[in-house]
Amino acid sequence: MPVTGVEFRTALARWASGVTIVTSAAGDRIHGMTVSAFTSVSLDPPLVAVCADKTSDTLDVIAKSGVFAANILSADQQALSNRFASKKDEHRRFEGIDWRAGATGSPILRGVLAALDCRVVASHDAGDHLIYVGSVESAEVFCGEPLLYYGGAYRAVVPVEVG
Ligand SMILES: Cc1cc2nc3c(=O)[nH]c(=O)nc-3n(C[C@H](O)[C@H](O)[C@H](O)COP(=O)(O)O)c2cc1C
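What you are looking at is a predicted structure, and each value in this text was computed from that prediction instead of being measured.

What counts, and where the lines are drawn
Residues numbered from 1 in each chain as written. Predicted model: local features only at pLDDT ≥ 70, side-chain atom pairs only at ≥ 80, totals over all residues. Heavy atoms only, no water. Pairing = 2+ DSSP bridges. Helix = DSSP H or I, 4+ residues; strand = E, 2+ residues; numbered from the N terminus. Contact = heavy atoms within 4.5 Å. Near = heavy atom within 4 Å. Polar contact = N/O pair within 3.5 Å; in protein donor to acceptor, adjacent residues only side chain to side chain. Areas by Shrake-Rupley, 256 points an atom, 1.4 Å probe, with all protein chains shown as cover. Nonpolar A, V, L, I, M, F, W, Y, C, P; charged D, E, K, R; others polar. Core = buried A, V, L, I, M, F, W, Y, C linked by side-chain atoms within 4.5 Å. Buried < 20%, exposed > 50% of the residue type's maximum accessible area, 1.4 Å probe, protein only. Salt bridge = Lys/Arg side-chain N within 4 Å of Asp/Glu carboxyl O.

K.L.:
Whenever I open this one, the sheet that holds strand E12 (residues 153-156) confuses me. Can you help?
P.N.:
Across a sheet, paired strands are connected by hydrogen bonds in the backbone, their directions being either parallel or antiparallel. The sheet built from 3 strands is open, its strands ordered E1-E11-E12 with antiparallel pairing. Either end of the sheet is taken by a strand with one partner, and the two such strands are strand E1 (17-18) and E12.

K.L.:
Whenever I open this one, the side chain of Ser 74 confuses me. Can you help?
P.N.:
With respect to the secondary-structure elements, Ser 74 resides in the loop between strand E6 (67-72) and helix H3 (78-83). Excluding anything up to four places from it in sequence, Ser 74 contacts Gly 111, Val 112, Leu 113, Glu 145, Pro 146 and Leu 147.

K.L.:
It is not clear to me how the site of the ligand should be interpreted in this structure. Could you clarify?
P.N.:
Near the ligand you find 20 residues, and of these His 31, Thr 34, Asp 53, Thr 58 and Lys 87 are the closest. Here an oxygen atom of the ligand and a backbone polar atom of Ala 37 are 2.9 Å apart. If the ligand stood free it would expose 660 Å²; the protein chains cover 83% of that surface. Those elements that provide at least two residues to the shell around the ligand are strand E3 (29-35), strand E5 (47-53) and helix H2 (57-65). It is E3 that contributes the most residues to the shell around the ligand, 4 residues altogether. Class assignment of the residues belonging to the shell around the ligand gives a composition of 9 nonpolar, 6 polar and 5 charged.

K.L.:
Would you mind showing me how to read the nonpolar core here?
P.N.:
Side chains of a nonpolar character, in soluble globular proteins, are inclined to be buried together. Counting residues in each nonpolar core, the largest one holds 14 residues, and the members touching the most others are Val 22, Val 50, Phe 68, Cys 118 and Tyr 132. Apart from the residues within four sequence positions on either side, Tyr 132 is in contact with Val 48, Ala 49, Val 50, Leu 59, Ile 62, Ala 63, Phe 68, Val 120, Ala 122 and Ser 123.

K.L.:
What is the right way to look at the pattern of salt bridges in this model?
P.N.:
Side chains that carry opposite charge are capable of pairing whenever their charged atoms lie near each other. Evaluated as defined, the whole model comprises 8 salt bridges. One salt bridge in this structure joins Lys 87 and Asp 57, with 3.1 Å as the shortest N-O distance. Note that Lys 87 is positioned in the loop between H3 and strand E7 (99-101) and Asp 57 in helix H2, a separation of 30 residues in sequence. In this structure Lys 87 comes out as exposed when scored by relative accessible area, which is 51%. Look at Asp 57 and you get partly exposed, because its relative accessible area is 23%. Residue Arg 110 pairs with Asp 98 through a salt bridge whose shortest N-O separation is 3.6 Å. Of this pair, Arg 110 sits in the loop between strand E8 (107-109) and strand E9 (114-126) while Asp 98 sits in the loop between H3 and E7; the two residues are 12 residues apart in sequence, bridging distant segments of the chain. Overall, the relative accessible area of 62% leaves Arg 110 in the exposed class. One network of salt bridges, in which partners are shared, links Asp 57, Lys 87 and Glu 90.

This is the structure in structure tokens:
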């Protein structure tokens, strides 16, 4: 018997992740969305993947541009995560935000912990989601602590006492 939706969601809520904002720019359109389904795929060549709902508007922009940036959020960027996850004022997500174009032209947001600028090398149909695999053209790293997502809530890193 297949797993129920509730069982599936409950199990996945036990998976702790970081939070990214995946951005892209095509022509004069810039867009981005909050994504926790982000992962490294290959070290050589350097590849990452993001999984996005097929209804996401960000996918249209990535499909046009062939590039995206994964902005890994810092612990103090919860509000930014919520802004890029909300459909309310979707077209105003970048308003008042400090960003610059990265190597591929995709927006790199100020204050992030790291930014990986990627060129799409493959896309895979996966149920109601689409997986984009990106070849990493540039990786920038900054100081700070990561924003985590676990059990449907934001969390911060707490060091584990060893011994
Ligand atoms: C913490 C968090 C993580 C999320 N992770 C994903 C994800 O991995 N994939 C996805 O498709 N949507 C994810 N979402 C939901 C999207 O950010 C949301 O549907 C957004 O409005 C899509 O924007 P767009 O349609 O403008 O692209 C997440 C939302 C939050 C708050």
